[in-house]
Amino acid sequence: MILVIDIFITLYALLTMAAAIAHLLSKDISITLIVGLFLSAFITLTSLMISSRLLSLDTLLLGISVFTLANGYHLYGRPHWSHHLIRLVVHIAIFVIALMTW
């Protein structure tokens, strides 16, 4: 089960990195927010491989959430709450399943 959680966290972080790179093609971007989002996903992967799953989950929940919220506010003048609610549900599901495996 731990391997499944690690794979899920890895896929989620890689998809977030891909979304950050795809945002570079947009004309109205904030380089700071895109770099922050990419680095949050990268730190999530790095901490999962090197340090601990708890640090990886903290980075996933805090870093990626904050940067996607700020990016939505920058691009559209307000965050898309339905998008962030779905993201929050996925983050909480990952966190709860990971805690159950410890």
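Residues numbered from 1 in each chain as written. Predicted model: local features only at pLDDT ≥ 70, side-chain atom pairs only at ≥ 80, totals over all residues. Heavy atoms only, no water.

**Student:** So what's going on with the overall build of the chain? Residues and values would help.
**Tutor:** Assigned secondary structure in the chain consists of 4 helices and 0 strands. Ordered by position from the N terminus, the helices and strands of the chain form the series α-α-α-α. The globule rule puts the C-alpha radius of gyration for 102 residues at 13 Å, and the 14 Å found for the chain is close to it. Each of the three principal axes of the chain carries a C-alpha extent, and together these read 40 × 25 × 15 Å. Per-residue burial over the chain gives 36% buried out of 102 residues. For the chain, the share of sequence-separated contacts (at least 6 apart) that also reach a separation of at least 24 residues comes to 69%. For the chain, the exposed surface amounts to about 6200 Å²; the carbon and sulfur share of it is 77%. (Helix = DSSP H or I, 4+ residues; strand = E, 2+ residues; numbered from the N terminus. Rg over C-alpha atoms; globule rule 2.2 N^0.38 Å. Buried < 20%, exposed > 50% of the residue type's maximum accessible area, 1.4 Å probe, protein only. Contact = heavy atoms within 4.5 Å. Areas by Shrake-Rupley, 256 points an atom, 1.4 Å probe, with all protein chains shown as cover.)

**Student:** Before we move on, could you go through helix 4 (residues 81–101) and cite the residues and values that matter?
**Tutor:** What sets the pattern is the α-helix's 3.6 residues per turn: residues three or four places apart point alike. In this model, helix 4 (21 residues) spans 30 Å end to end at C-alpha, consistent with the 30 Å of a helix rising 1.5 Å per residue. Listing the buried residues of helix 4 in full gives His84, Arg87, His91, Ile94, Ala98 and Thr101. All buried residues of helix 4 lie within an arc of 115° about the axis, which places them on one face of the element. Exposed and oriented more than 90 degrees from the buried face of helix 4 are Trp81, Ser82, Leu85, Ile86, Val89 and Met100. (Expected span 1.5 Å × (residues − 1). Arc of directions from axis to C-beta.)

**Student:** Hey, could you go over the confidence of the model for the chain for me, with residue numbers and the actual values?
**Tutor:** The pLDDT averaged across the chain works out to 79; a share of 93% of its residues lies at or above 70. Across the chain, helix 1 (residues 2–23) holds the top mean pLDDT of 84, while helix 3 (residues 53–76) sits lowest at 75. (pLDDT = per-residue confidence, 0-100.)

**Student:** Explain the layout of surface pockets to me, and be specific about the residues and the numbers.
**Tutor:** Using a probe with the size of a water molecule, rolled over the atoms, empty space left in the structure can be pinpointed. Put simply, the largest pocket is a space of about 250 Å³. Taken together, 15 residues form the lining of the largest pocket, with His23, Thr68, Asn71, His83 and Arg87 sitting closest to its centre. Counting residues per element, the ones that place at least two in the lining of the largest pocket are helix 1, helix 3 and helix 4. (1 Å grid on protein atoms, 1.4 Å probe; cavity = no way out; pocket = protein on both sides within 12 Å on 5 of 7 lines; lining within 4 Å. Points joined across faces, edges and corners; volume = space filled by probe spheres on them.)

**Student:** Before we move on, could you go through the nonpolar core and cite the residues and values that matter?
**Tutor:** Judged by nonpolar contacts, the single largest core of 16 residues is most densely connected at Ile9, Ala41, Leu57, Leu60, Ile64 and Ile94. At the level of secondary structure, the elements contributing two or more residues to this core comprise helix 1, helix 2 (31–51), helix 3 and helix 4. (Core = buried A, V, L, I, M, F, W, Y, C linked by side-chain atoms within 4.5 Å.)

**Student:** Break down the environment of Met17 for me, citing the residues and quoting the values.
**Tutor:** You can see Met17 is positioned in helix 1. Met17 has contacts with Phe38, Ala41, Phe42 and Leu45, leaving out every residue within four places of it along the chain.

**Student:** So what's going on with helix 1? Which residues, and what values?
**Tutor:** Between the first and last C-alpha of helix 1 there are 32 Å, a value that for 22 residues agrees with the 32 Å anticipated at 1.5 Å per step. Ile5, Asp6, Ile9, Tyr12, Ala13, Thr16, Met17 and Ala20 are the residues of helix 1 that are buried. The arc that holds every buried residue of helix 1, seen down its axis, measures 135°, which confines them to one face. In helix 1, the exposed positions that point more than 90 degrees away from the buried face belong to Leu3, Val4 and Leu15.

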